[in-house]
Amino acid sequence: MTISPEKIDVVIVGSGAAGSLMAAKLSQAGKKVLILEAGPERKLQDLTSSQIHARRLKWAGDAVTEQGAQPVGNGFNSGYGTGGSALHHYGVWPRLHSEDFKVKSLFGKGLDWPINYGDLQPYYDRIQQEVGISGDHQAEVWRPDGAAYPLPPVPAFQQSEIIARGFTKLGKTTSPLPMALNSHEYNDRPGCLWDGWCDAGCPTKALANPLAVYLPEADKQGAKIIHQATVSRILTDKSGKKATGVTYRTAAGDEVTQLAGMVVLAAFAIQTPRLLLNSGLANRSGLVGSYIMSHSAASVFGLFEDETAPYMGPTGGQMLNQDSYDHKDQRPQGFGSYQWMIGLAVKPNDLLGIGGSNPGLFGAKLTDFMKTAAQHFGNMTACVEDLPLAQNRVTLSTETDQYGLPLATVHHSADAASMALWQGALEEGKQIFKAADAREIWTGPLGPMHIMGGTIMGETAETSVTNSYGQCHDIDNLFIAGPGLFPTSGGVNPTFTVHALALRSTDYMLKNWSSLT
Amino acid sequence: MKITRRNFSLTGGALSLSFLLNGGIIHLSPAQAKERALPYQTLTPGQAALIDLLGDAIVPGAKSAGLSYYIDHQLSAEFQDNLLILRYLRVPAPFDGFYASSLAAFESAISQKYNKKPRDLTETEMTAFITAMMQSNPDGWQHAPPAPFFYFVLRSDAIDVTYGTMDAFDSLDIPYMAHIEPGHTWEVNP
Ligand SMILES: Cc1cc2nc3c(=O)[nH]c(=O)nc-3n(C[C@H](O)[C@H](O)[C@H](O)COP(=O)(O)OP(=O)(O)OC[C@H]3O[C@@H](n4cnc5c(N)ncnc54)[C@H](O)[C@@H]3O)c2cc1C
Ligand code: SF4
């Protein structure tokens, strides 16, 4: 065991969306920051435009066992290395709605957040200005209050325009999809080229991944990052009420102790609870690991007479519909909210590609389909809410890593009301495609999308792991950041909220630094 | 011709496989490796032939695109660098057992149903078999991952090599529009 000689102000575990933002903000405030990242170093120039290469960005750390009827898909939904999952995320950045924060009190289901939309709104506004979101807040008739987006919306290419005809015919509304990518140059980052390579990681910085925005800022302010440094335990003083640092393993297997005044866990929704469970910390509630959630993706596909240019645009889509969002109890079936992301740019291969959309086709029929679909394909995906259930959780496995540390097991079986909602979304999607005159329509199987929960925030130490700032109830200088904090999932992509929460946490930390450390 | 080491090409392109051959590293696409009939590293020749046979029946063109070389090469890569679709799909690495057991099950199920070697099936028989394996385990399919899952995985691998390259995009009239092009194939280092 080596002890790093230098005690630092704050050690951050994980260099993804949450960790990189916190590193930038805390180092800007003059704090000495170290990020420990389990995965390898990645640079913008490593982000080769290929769906096959893109797979190297996926989780390759300690194995995760998945159980349950609807597994969360860690292999697809988690990243590894500089920038974490966020390095190759698609930049679809809508806000949660007011109802999402009060699901329990409004509907008697799920949980409440310890904050409401109004508490987070200023942070959403600050982040969007800093990062640069493209969108049209007025066209987004469903959007809760907030500042106008700093950038004009992403353009609509043929695919989304054609699908939007179906929404219009059925009396539904569409708007541009709010995206954390530049519709034109912003803050020294270039405009998007609409080539659909976001899943392989955007190397131009048009998309606000951690290598484009917060990691360069953290670096400029003197924050350090060590790669292939897998944190294995959080250390505390004898009282157990104060974190003193972490231990981590280097690539060579050496164990290093890093002392720090503040510890931030930003290792995403599975590894953060694993770390807490392996350290035996912050679990007075017995809820560390509980309430793991994953949106269900409801994917609808079709072939259209018109050419759709389905390869154009960002991977995440071009248009949005949130008609089935508010009034979670008023869906034709099931309970909750969902949104449609319309006109995702596709490539021929990969799980989300043209070929993958229609797995029953093979032989000559597949060859014909690929030729036609390359020019006439259309697709949209609903991001469907998942109710939080205590039994959906991360636990420690009986299996261990090579150093004897228990691995994570994740169990996830969705609530029947969430499954019914997903089914309802598929039915609606098929009607929309019919109205858009698709000549062939089919749907995909349930795919898990985004991982949330596991270290939820709440009002009390009995019912949650942290307070609304991500501060562990039992340990003042131990913070958690990331979607693991969410008590409910909403029906929107999580990363804008991850940023807003992390910014709120850093404000709080900096204001209270001396009393916390 | 002896291959002493295979490496994953970190700087090369998505489908560039690197071989240490006669003292020099060469980068070849799976299709070029196929053309040169290079020996396999992990797969046996029999397994490689089965992969090409079934893969090509599912995704026409997969064999000449070098499907068996692609899979063979990926099977000898570290998990972190592995590009097989399997890494998405909750199958613990290493993956060679997945392919070996599925191919053995494929052969024995064909033998049970048709009393033939897979290569001797007629097109109609192969189509019927694939249609069946897509839905459930055919009789004789045992000690292996479920047949529909293997179908899905092999189909995805075959689509990767057949449709995931710059040339393939071109043949579908899809502009590749790379920010960073996957490296090209033919390159010999001293
Ligand atoms: C393909 C894909 C597309 C997505 N698209 C969108 C989208 O369009 N919109 C959206 O809102 N969200 C999207 N997401 C989700 C988004 O990426 C996540 O919500 C977000 O990255 C979570 O941030 P995080 O900081 O908590 O975790 P991450 O960004 O995953 O970062 C966590 C980091 O912690 C590291 N780590 C883990 N364990 C340890 C340890 N023990 N020691 C040290 N380091 C460790 C990991 O290697 C990783 O780098 C997408 C995700 C994927 C995979
Ligand atoms: S489509 Fe735009 S955001 Fe996506 S990779 Fe290309 S330039 Fe980047």
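Residues numbered from 1 in each chain as written. Chains lettered and ligands numbered in written order. Predicted model: local features only at pLDDT ≥ 70, side-chain atom pairs only at ≥ 80, totals over all residues. Heavy atoms only, no water.

Asker: Explanation requested: the overall build of chain A in the structure shown.
Answerer: In terms of regular secondary structure, chain A is built from twelve helices and 18 strands. Compactness check: chain A gives a C-alpha radius of gyration of 22 Å against a globular reference of 24 Å for 517 residues, within 12% of the reference. On the principal axes, the C-alpha backbone points of chain A span a range of 70 × 50 × 45 Å. Counting every position in chain A, which comprises 517 residues, the buried fraction comes to 67%. When contacts within chain A are restricted to residue pairs at least 6 apart in sequence, those whose partners lie at least 24 apart make up 74%. Carbon and sulfur atoms provide 49% of the accessible area of chain A, an area that totals close to 16,700 Å². (Helix = DSSP H or I, 4+ residues; strand = E, 2+ residues; numbered from the N terminus. Rg over C-alpha atoms; globule rule 2.2 N^0.38 Å. Buried < 20%, exposed > 50% of the residue type's maximum accessible area, 1.4 Å probe, protein only. Contact = heavy atoms within 4.5 Å. Areas by Shrake-Rupley, 256 points an atom, 1.4 Å probe, with all protein chains shown as cover.)

Asker: Is there a simple way to think about the side chain of Gln318 of chain A in this case?
Answerer: Residues and elements named next belong to chain A. Mapped onto the elements, Gln318 comes out in the loop between β10 (293-303) and β11 (319-321). At 2.6 Å, the side chain of Gln318 forms a polar contact with the side chain of Ser160. Separated by 3.1 Å, the side chain of Gln318 and the backbone oxygen of Gly343 make a polar contact. (Polar contact = N/O pair within 3.5 Å; in protein donor to acceptor, adjacent residues only side chain to side chain.)

Asker: Can you walk me through the pairing of β10 of chain A in this structure?
Answerer: On any regular strand, side chains alternate: one points to one face of the sheet, the next to the other face. Residues and elements named next belong to chain A. β10 sits mainly inside the fold: eleven of its eleven residues count as buried. Here β10 shows no split at all, with Met293, His295, Ala297, Ser299, Phe301 and Leu303 on one side and Ser294, Ser296, Ala298, Val300 and Gly302 on the other all buried. With four bridges joining them, β10 and strand β17 (residues 447-452) adopt antiparallel strand pairing. Counted as the bridge partner of His295 is Met449 from β17. When β10 meets strand β13 (residues 377-384), the two strands line up antiparallel, connected through eight bridges. In the strand pairing of β13, Ala297 is matched with Cys383. Direction of pairing for β10 relative to strand β16 (residues 440-443): antiparallel, over a ladder of four bridges. Among the inter-strand pairings, Phe301 is bridged to a residue of β16, identified as Trp442. (Pairing = 2+ DSSP bridges.)

Asker: In this structure, what is going on with a nonpolar patch on the surface? I would like to understand it.
Answerer: Residues Met1, Ile3 and Leu259 of chain A make up a contiguous nonpolar surface patch of roughly 310 Å² in combined accessible area. Secondary-structure assignment places Ile3 of chain A in strand β1 (residues 2-3). (Patch = residues over 30% accessible without salt bridge, like charges linked within 9 Å, V, L, I, M, F, W, Y side chains within 5 Å. Salt bridge = Lys/Arg side-chain N within 4 Å of Asp/Glu carboxyl O.)

Asker: Teacher, can you tell me more about unusual backbone geometry here?
Answerer: The phi torsion of most residues other than glycine is negative, and most of the peptide bonds are trans. Each neighbour pair has its own omega, and for Ala93 of chain B with Pro94 of chain B the value is -5°, a cis peptide bond. The phi torsion at Tyr291 of chain A lies on the positive side, around 65°, for a residue other than glycine. Relative to the assigned elements, Tyr291 of chain A resides in the loop between α7 (268-279) and β10. Of note, the phi angle at His450 of chain A is positive, near 70°, even though the residue is not glycine.

Asker: How should I be thinking about the interface of chain B and chain A in this particular structure?
Answerer: Quoted interface sizes are often the accessible area lost when the parts come together. Counting from both sides, the interface comprises 44 residues of chain B and, opposite them, 49 residues of chain A. Approximately 3,900 Å² of surface area, both sides summed, lies buried where chain B meets chain A, with 66% of it carried by carbon and sulfur atoms. Where Arg55 of chain A meets Asp160 of chain B, a salt bridge forms, and the shortest distance between an N and an O atom there is 2.6 Å. Taken together, chain B and chain A are joined by 20 residue pairs in polar contact (both at pLDDT 80 or more). Contributing elements (two or more residues each) for the side of chain B that touches chain A: α2 (45-58), α5 (123-133) and α6 (147-163) of chain B. With six residues, α6 of chain B is the largest single contributor of residues to the side of chain B that touches chain A. Of the residues in the side of chain B that touches chain A, the class split is 29 nonpolar, eight polar and seven charged. (Buried area = accessible area lost by both parts, 1.4 Å probe. Nonpolar A, V, L, I, M, F, W, Y, C, P; charged D, E, K, R; others polar.)

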